[in-house]
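Below, each chain spelled out in residue letters.
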Amino acid sequence: MTTDYYDIIRVPRITEKGTRLKEKNNVLTFEVKIDANKVQVRKAIEGIFKVKVSDITTVKNAGKLKRVGQRHGRRSDWKKAYVTLKPGEKIDIFEGA
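What you see is a predicted model, and the numbers here were worked out from it, not measured in a lab. Going along each chain's sequence as written, the residues are numbered from 1 onward. For this predicted model, a pLDDT threshold of at least 70 governs which residues receive local features, and a threshold of 80 or more governs which side-chain atom pairs are given and counted, while totals over whole chains, interfaces and linings are taken from all residues. Here the side-chain values reflect all heavy atoms present in the structure, with hydrogen atoms and water set aside.

A. Representation of the pairing of strand S2 (residues 27–32) in the model. A simple rule labels every residue: compare its accessible area, found with a 1.4 Å probe on the protein chains alone, to the largest value its type can have, and call it buried under 20%, exposed over 50%, or partly exposed in between. The numbering of helices and of strands both runs from the N terminus, where a helix is a DSSP run of H or I of at least 4 residues and a strand a run of E of at least 2. In terms of burial, S2 is largely enclosed, as six of its six residues are buried. A two-sided burial pattern is seen for S2, the buried positions comprising Val27, Thr29 and Glu31 on one face and Leu28, Phe30 and Val32 on the other. When DSSP finds two or more bridges between two strands, those strands count as paired. For strand S1 (residues 9–12) and S2, the ladder comprises three bridges, and the chain directions are antiparallel. Note that in S2 the partner of Val11 across the bridge is Glu31. Where S2 and strand S6 (residues 78–85) come together, six bridges link them in antiparallel fashion.

B. Spatial organisation of the nonpolar core. What is meant by a nonpolar core is a set of buried Ala, Val, Leu, Ile, Met, Phe, Trp, Tyr and Cys residues, joined one to another through side-chain atoms within 4.5 Å. Formed by 17 residues in total, the largest nonpolar core has its most connected members in Ile9, Phe30, Val41, Ile45, Val83 and Leu85. When contributions to this core are tallied by element, the ones reaching two or more residues are S2, helix H3 (38–49), strand S3 (53–61) and S6. Looking at which element gives the most residues to this core, the answer is H3, with four residues. The contact definition used throughout considers only heavy atoms, calling two residues in contact when any of these lie within 4.5 Å. With near-sequence residues (within four places) excluded, Val83 lies in contact with Asn26, Val27, Leu28, Phe30, Val41, Ile45, Val53, Asp55 and Ile56.

C. Geometry of the packing of aromatic side chains. Pairing of aromatic rings covers Phe, Tyr and Trp, the last counted by its six-membered ring, and requires centre-to-centre distances within 6.5 Å; plane angles under 30 degrees mean stacked, over 60 mean edge-to-face, and any other angle means tilted. Inspection of the entire model under this criterion finds one aromatic pair. Relative to Phe49, the ring of Phe30 has its centre 5.9 Å away and its plane inclined at 35°; by these criteria the two rings are tilted. Separated by 19 residues along the polypeptide, Phe30 in strand S2 and Phe49 in helix H3 bring together distant segments of the chain.

Printed below as a string of structure tokens:
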């Protein structure tokens with residue numbers, strides 16, 4: 001299955017926890033396509049940012065139940081990838097955050 005790298009990597013997730021992980025362990029967080037596997041995520045990160053990845057951990061997050069007035073709804077499920085870069089590697093978009 002050939003998919004465009006930008007279809008797999010949705011957005012970088014910049015949070016307080018993610019910033020701590022980046023500073024201590026060189027781990028970056030991304031929101032990825034729900035059915036993407038670790039191999040696809042690795043190839044996409046290395047292809048887009050031209051860095052070397054040492055490890056990837058993925059987590060599926062269930063969408064929250066939401067309510068507006070009497071209407072009930074549910075947000076979509078989503079997947080997060082924790083990407084550990086090899087020592088000496090960095091991605092510039094996270095450096096200014």
